[in-house]
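Coordinate analysis (summary)
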Amino acid sequence: MSQHRHPGAPGRAGAVPALPDLPEATVARLPEYLRALHNLAETSHETVSSEGLANAAGVNSAKLRKDLSQLGSYGTRGVGYDVALLIDQIEYVLGLTQRRAVALVGVGNLGHALAGYDGFAGRGFRIAALFDADQERVGEEINGLIVRHVDELPRVAAEESIAIGVIATPAAAAQRVADQLVSVGVTSILNFAPCVLSVPEGVDVRKVDLAIELQILSFHEHRKATLTALPAAGGPALTALPGGLAVTESQEAIGT
């Protein structure tokens, strides 16, 4: 992933000297490390071993050491990592040294819950504006913010220096909202709508679809149920598929 180079990181000595070019998989794990580190700091831990941090973050220690080495952080043999320093390094790389203003578009059930969530502020984000197209929602106060009509987005985005847009609208409205966000200069979008957005090059979109996550879990439940139903002895079991097809257990396992 290509990232903007910075001449140097602010803060204490040992901070990462330049913004590294990190693989997407590593970037995706950094917030997990950061969450674990904040928990350690809140319980007065000053240092942590790679094994301890890996367990807290739910990864293996070799992967964690490789990820952190790309930030220029190698820890100290016999001591581990300085918790406060590592928090500084990861927050810098993730761009959390400044509070980023977020606009939330769509304040239905999901949007309302997101707008009322207090956890964003402690992680470097400020919900700066709420929008909806429904006149019945406009004017409603949620967590100290007044819901504005989406037509006010250009003006408010400029006034609040909106950096990230969150879309929590029905799928039918999501592309139109994405176009509006892009038109006012927003280049990072978190999309909760169950659809694929088309955006210009240079605009980053992260998609969160809870139904898809549940479907993946359903697959694993189905798979576990299939395995427990296998015959104790004999030949490979056949699994019936829609359309009258059938595969053996070994074929199902390797996807053939």
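A quick note: this is a predicted structure, and the numbers were derived from the prediction, not measured.

Quick notes on the rules
- Residues numbered from 1 in each chain as written.
- Predicted model: local features only at pLDDT ≥ 70, side-chain atom pairs only at ≥ 80, totals over all residues.
- Heavy atoms only, no water.
- Helix = DSSP H or I, 4+ residues; strand = E, 2+ residues; numbered from the N terminus.
- Buried < 20%, exposed > 50% of the residue type's maximum accessible area, 1.4 Å probe, protein only.
- Pairing = 2+ DSSP bridges.
- Right-handed = clockwise from strand over helix to strand, strands pointing away.
- UniProt positions renumbered as here; feature names shortened; annotations may be inferred.
- Contact = heavy atoms within 4.5 Å.
- Phe/Tyr/Trp six-rings, centres within 6.5 Å; stacked < 30°, edge-to-face > 60°.
- Axes fitted to C-alpha atoms, helices over the stretch in contact; angles between N-to-C directions.
- Arc of directions from axis to C-beta.
- Parallel < 35°, antiparallel > 145°, perpendicular 65-115°, else oblique.
- Nonpolar A, V, L, I, M, F, W, Y, C, P; charged D, E, K, R; others polar.

Helix and strand counts for the protein chain stand at 9 helices and 11 strands. Split into buried and exposed, the 256 residues of the protein chain put 36% on the buried side.

In this section: the pairing of strand β7 (residues 162-167). The buried fraction of β7 amounts to 5 of the 6 residues, a majority that puts the element mostly inside the structure. Relative to β7, strand β3 (residues 100-105) is paired through 5 bridges, and the arrangement is parallel. Directly across from V105, in β7, lies its bridge partner I167. Where β7 meets strand β8 (residues 188-191), 3 bridges bridge the pair, whose relative direction is parallel. Across the sheet, residue I167 finds its bridge partner in β8, namely N191. On the question of chirality, the crossover connecting β7 to the parallel β8 by way of helix α7 (residues 171-183) is right-handed.

The sites that UniProt annotates as "binding site: NAD(+)" (unreviewed entry) are G106, V107, G108, N109, L110 and G111. Mapped onto the fold, G106 is located in the loop between β3 and α5 (109-115). Residue G106 is classed as buried on the basis of its relative accessible area, which comes to 5%. Once you skip the residues sitting within four places of it in the chain, G106 turns out to touch G111, F131, D132, A168 and T169. Overall, N109 belongs to the exposed group, its relative accessible area being 74%.

It is worth spelling out the packing of aromatic side chains at this point. Both the distance between ring centres and the angle between the ring planes are used here to describe each pair of aromatic rings. All chains considered together, the criterion is met by 1 aromatic pair. With a centroid separation of 4.9 Å and 90° between ring planes, the pair formed by Y117 and F120 is classed as edge-to-face.

A positive phi is found at S44, a non-glycine position, where the angle reads about 65°. Among the secondary structure elements, S44 is positioned in the loop between α1 (24-42) and β1 (47-48). Residue classification places S44 among the exposed positions, given a relative accessible area of 65%. Although it is not a glycine, S161 sits at a positive phi angle of roughly 50°. You can see S161 is positioned in the loop between α6 (153-160) and β7. Residue S161 is classed as exposed on the basis of its relative accessible area of 54%.

All right, on to the UniProt feature "DNA-binding region" (unreviewed entry) in the protein chain then. Under the local residue numbering, the UniProt record ascribes the feature "DNA-binding region" (unreviewed entry) to residues 32-71. Between the end C-alpha atoms of residues 32-71 there is a gap of 15 Å, over a span that is 70% helix and 5% strand.

Turning to the sheet that holds strand β4 (residues 125-132), a few remarks are in order. Ordered by their spatial adjacency, 7 strands build an open sheet running β5-β6-β4-β3-β7-β8-β9, and the pairing between neighbours is mixed. Taken across any chain shown, the strands that pair with only one partner, and hence form the sheet edges, are β5 (141-142) and β9 (204-207). The strands touched by α7 are β3, β7 and β8; relative to β7, the strand with the most contacts, the crossing angle is about 175°.

For α6, the full list of buried residues reads L153, V156 and A157. An end-on view of α6 places all buried positions within 105° of arc, on one side of the element. The exposed residues of α6 that point more than 90 degrees off its buried face are A158 and E159. Taken together, the buried residues of α6 touch β4, β6 (145-149), β7 and α7.

Now for the packing of α1 against helix α3 (residues 61-69). Interhelical geometry of α1 versus α3 gives an angle of 105° and a closest axis separation of 11 Å. The pairing of α1 with α3 is recorded here as roughly perpendicular in orientation. Residue-level contacts link T26, R29 and Y33 of α1 to K63, L64, D67 and L68 of α3. Here the residues of the contact of α1 with α3 are counted per class, giving 3 nonpolar, 1 polar and 3 charged.

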